[in-house]
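Structural overview for review
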Amino acid sequence: EVIAVHPNDAAYLTGMAKLFAILAEKGRDQQILAWAQDYGEKSLIMSPSRQETLFYLSRIALLRGDTKSAVARTKQAVDAAPSIHLSRWYYGLALLADGRGGEGKAEIQKALDLGYGPKGGEIELIRSLGL
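How each quantity is defined
Residues numbered from 1 in each chain as written. Predicted model: local features only at pLDDT ≥ 70, side-chain atom pairs only at ≥ 80, totals over all residues. Heavy atoms only, no water. Phe/Tyr/Trp six-rings, centres within 6.5 Å; stacked < 30°, edge-to-face > 60°. Helix = DSSP H or I, 4+ residues; strand = E, 2+ residues; numbered from the N terminus. Buried < 20%, exposed > 50% of the residue type's maximum accessible area, 1.4 Å probe, protein only. Expected span 1.5 Å × (residues − 1). Arc of directions from axis to C-beta. Contact = heavy atoms within 4.5 Å. Axes fitted to C-alpha atoms, helices over the stretch in contact; angles between N-to-C directions. Parallel < 35°, antiparallel > 145°, perpendicular 65-115°, else oblique. Left-handed = near helix turned anticlockwise from the far one by under 90°. Nonpolar A, V, L, I, M, F, W, Y, C, P; charged D, E, K, R; others polar. Polar contact = N/O pair within 3.5 Å; in protein donor to acceptor, adjacent residues only side chain to side chain.

With that settled, the discussion passes to the packing of aromatic side chains. Scanning all chains against the criterion turns up four aromatic pairs. Measuring from centroid to centroid gives 5.6 Å for F20 and W35, while their planes differ by 65°, and the two rings are edge-to-face. Within this pair, whereas F20 is found in helix α2 (residues 10–27), its partner W35 is found in helix α3 (residues 30–46), the two being separated by 15 residues in sequence. A relative accessible area of 13% places F20 in the buried class. Judged by relative accessible area, which is 40%, W35 ranks as partly exposed. Taking 5.7 Å as the distance between ring centres and 10° as the angle between the ring planes, the aromatic pair formed by F20 and Y39 counts as stacked. Within this pair, whereas F20 is found in helix α2, its partner Y39 is found in helix α3, the two being separated by 19 residues in sequence. With respect to burial, F20 and Y39 carry one shared label: buried.

The next thing to look at is helix α7 (residues 101–113). Relative to the 18 Å expected for 13 residues at 1.5 Å per residue, α7 spans 18 Å between its end C-alpha atoms, a close match to the ideal helical length. Among the residues making up α7, those that are buried are G104, E107, I108 and A111. Taken down its axis, α7 places every buried residue within 100° of arc, on the same side. Opposite its buried face, α7 presents the exposed residues G102 and D113, each directed more than 90 degrees away. Elements in contact with the buried residues of α7: α6 (85–97) and α8 (121–128). Of the residues one or two after α7, G115 is the one with positive phi, at around 110°.

In this section: the packing of α6 against α7. In the contact formed by α6 and α7, the axes pass within 7 Å of each other and the chain directions differ by 165°. The angle between the axes of α6 and α7 places the two elements in the roughly antiparallel class. Judged by the sense of rotation from one axis to the other, the crossing of α6 with α7 is left-handed. In contact with H85, R88, W89, Y91, G92, L93, L95 and L96 of α6, α7 contributes G101, E103, G104, K105, E107, I108, K110 and A111. For the contact of α6 with α7, the class distribution of residues is seven nonpolar, four polar and five charged.

The next thing to look at is the side chain of T74. As for its position among the elements, T74 is in helix α5 (residues 67–80). Since its relative accessible area comes to 0%, T74 is described here as buried. In this structure the side chain of T74 is engaged in a polar contact, spanning 3.0 Å, whose partner is the backbone oxygen of A70. Once residues lying within four places of it in the same chain are set aside, the contact partners of T74 are S58, Y90, Y91 and A94.

Here it is, written out as C-alpha coordinates:
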(Lines give C-alpha, C1' and ligand atoms only; values in the text may rest on other atoms or scores of the structure.)
Protein backbone atom coordinates (compact mmCIF):
# COMPACT_ATOMS: atom_id res chain seq x y z
CA GLU A 1 0.00 0.00 0.00
CA VAL A 2 2.82 2.40 0.81
CA ILE A 3 4.36 1.89 -2.63
CA ALA A 4 0.99 2.53 -4.26
CA VAL A 5 0.62 5.81 -2.34
CA HIS A 6 4.28 6.86 -2.85
CA PRO A 7 5.37 5.26 -6.16
CA ASN A 8 8.15 7.80 -6.72
CA ASP A 9 9.84 7.60 -3.33
CA ALA A 10 13.13 5.72 -3.62
CA ALA A 11 13.37 5.19 0.14
CA TYR A 12 10.20 3.09 0.22
CA LEU A 13 11.39 1.03 -2.74
CA THR A 14 14.74 0.46 -1.01
CA GLY A 15 12.87 -0.62 2.11
CA MET A 16 10.94 -3.18 0.08
CA ALA A 17 14.17 -4.44 -1.48
CA LYS A 18 15.60 -4.86 2.03
CA LEU A 19 12.52 -6.66 3.32
CA PHE A 20 12.35 -9.09 0.42
CA ALA A 21 16.11 -9.71 0.56
CA ILE A 22 15.77 -10.70 4.22
CA LEU A 23 12.83 -12.98 3.45
CA ALA A 24 14.64 -14.52 0.48
CA GLU A 25 17.75 -15.19 2.55
CA LYS A 26 15.72 -17.34 4.93
CA GLY A 27 14.15 -19.55 2.27
CA ARG A 28 16.22 -18.94 -0.86
CA ASP A 29 12.96 -18.41 -2.74
CA GLN A 30 13.78 -17.25 -6.27
CA GLN A 31 10.48 -15.37 -6.68
CA ILE A 32 11.11 -13.36 -3.53
CA LEU A 33 14.65 -12.63 -4.74
CA ALA A 34 13.17 -11.42 -8.04
CA TRP A 35 10.82 -9.05 -6.19
CA ALA A 36 13.71 -7.77 -4.08
CA GLN A 37 15.76 -7.17 -7.24
CA ASP A 38 12.86 -5.39 -8.93
CA TYR A 39 12.29 -3.00 -6.02
CA GLY A 40 16.01 -2.28 -5.79
CA GLU A 41 16.31 -1.57 -9.51
CA LYS A 42 13.30 0.77 -9.41
CA SER A 43 14.83 2.62 -6.45
CA LEU A 44 18.12 3.07 -8.32
CA ILE A 45 16.34 4.62 -11.27
CA MET A 46 15.16 7.39 -8.94
CA SER A 47 18.33 7.60 -6.86
CA PRO A 48 21.26 6.09 -8.83
CA SER A 49 23.94 6.43 -6.17
CA ARG A 50 21.88 5.44 -3.11
CA GLN A 51 24.40 3.43 -1.08
CA GLU A 52 21.88 1.36 0.84
CA THR A 53 20.14 0.21 -2.34
CA LEU A 54 23.44 -0.76 -3.93
CA PHE A 55 24.32 -2.81 -0.84
CA TYR A 56 20.99 -4.67 -0.97
CA LEU A 57 21.35 -5.34 -4.68
CA SER A 58 24.81 -6.72 -4.01
CA ARG A 59 23.43 -8.96 -1.28
CA ILE A 60 20.65 -10.15 -3.61
CA ALA A 61 23.24 -10.94 -6.28
CA LEU A 62 25.26 -12.98 -3.77
CA LEU A 63 22.13 -14.89 -2.74
CA ARG A 64 21.68 -15.73 -6.42
CA GLY A 65 25.32 -16.82 -6.68
CA ASP A 66 26.15 -13.95 -9.04
CA THR A 67 29.41 -12.66 -7.62
CA LYS A 68 30.18 -10.53 -10.69
CA SER A 69 27.00 -8.48 -10.21
CA ALA A 70 27.73 -8.18 -6.48
CA VAL A 71 31.16 -6.77 -7.30
CA ALA A 72 29.69 -4.38 -9.88
CA ARG A 73 27.07 -3.04 -7.45
CA THR A 74 29.52 -2.46 -4.63
CA LYS A 75 32.02 -0.89 -7.04
CA GLN A 76 29.24 1.45 -8.11
CA ALA A 77 28.80 2.43 -4.43
CA VAL A 78 32.55 3.04 -4.02
CA ASP A 79 32.69 5.11 -7.20
CA ALA A 80 29.78 7.25 -5.98
CA ALA A 81 31.35 7.88 -2.56
CA PRO A 82 34.93 6.63 -2.18
CA SER A 83 35.34 7.83 1.39
CA ILE A 84 32.41 5.86 2.85
CA HIS A 85 33.93 2.98 4.81
CA LEU A 86 30.87 0.75 4.49
CA SER A 87 31.08 0.92 0.69
CA ARG A 88 34.70 -0.21 0.85
CA TRP A 89 33.81 -2.99 3.32
CA TYR A 90 31.05 -4.45 1.12
CA TYR A 91 33.19 -4.07 -1.98
CA GLY A 92 35.96 -6.02 -0.28
CA LEU A 93 33.54 -8.77 0.75
CA ALA A 94 32.14 -9.00 -2.78
CA LEU A 95 35.66 -9.25 -4.20
CA LEU A 96 36.46 -12.05 -1.75
CA ALA A 97 33.28 -13.88 -2.77
CA ASP A 98 34.35 -13.49 -6.40
CA GLY A 99 37.69 -15.18 -5.68
CA ARG A 100 39.69 -11.96 -5.89
CA GLY A 101 41.38 -12.26 -2.51
CA GLY A 102 44.16 -9.73 -2.94
CA GLU A 103 41.83 -6.99 -4.14
CA GLY A 104 39.26 -7.88 -1.49
CA LYS A 105 41.84 -7.71 1.28
CA ALA A 106 43.02 -4.31 0.02
CA GLU A 107 39.47 -2.91 0.04
CA ILE A 108 38.81 -4.25 3.52
CA GLN A 109 42.01 -2.56 4.68
CA LYS A 110 40.79 0.70 3.11
CA ALA A 111 37.48 0.31 4.98
CA LEU A 112 39.37 -0.16 8.24
CA ASP A 113 41.60 2.83 7.47
CA LEU A 114 38.48 4.93 6.87
CA GLY A 115 37.12 3.96 10.28
CA TYR A 116 35.04 0.83 9.72
CA GLY A 117 34.50 -0.89 13.07
CA PRO A 118 34.17 -4.66 12.60
CA LYS A 119 31.70 -6.58 14.73
CA GLY A 120 31.34 -10.20 15.82
CA GLY A 121 32.43 -12.65 13.13
CA GLU A 122 33.87 -9.83 11.05
CA ILE A 123 36.76 -9.61 13.50
CA GLU A 124 37.65 -13.23 12.80
CA LEU A 125 37.49 -12.58 9.05
CA ILE A 126 39.90 -9.68 9.44
CA ARG A 127 42.27 -11.87 11.46
CA SER A 128 42.08 -14.63 8.86
CA LEU A 129 43.10 -12.08 6.22
CA GLY A 130 46.08 -11.06 8.33
CA LEU A 131 44.84 -7.51 8.86
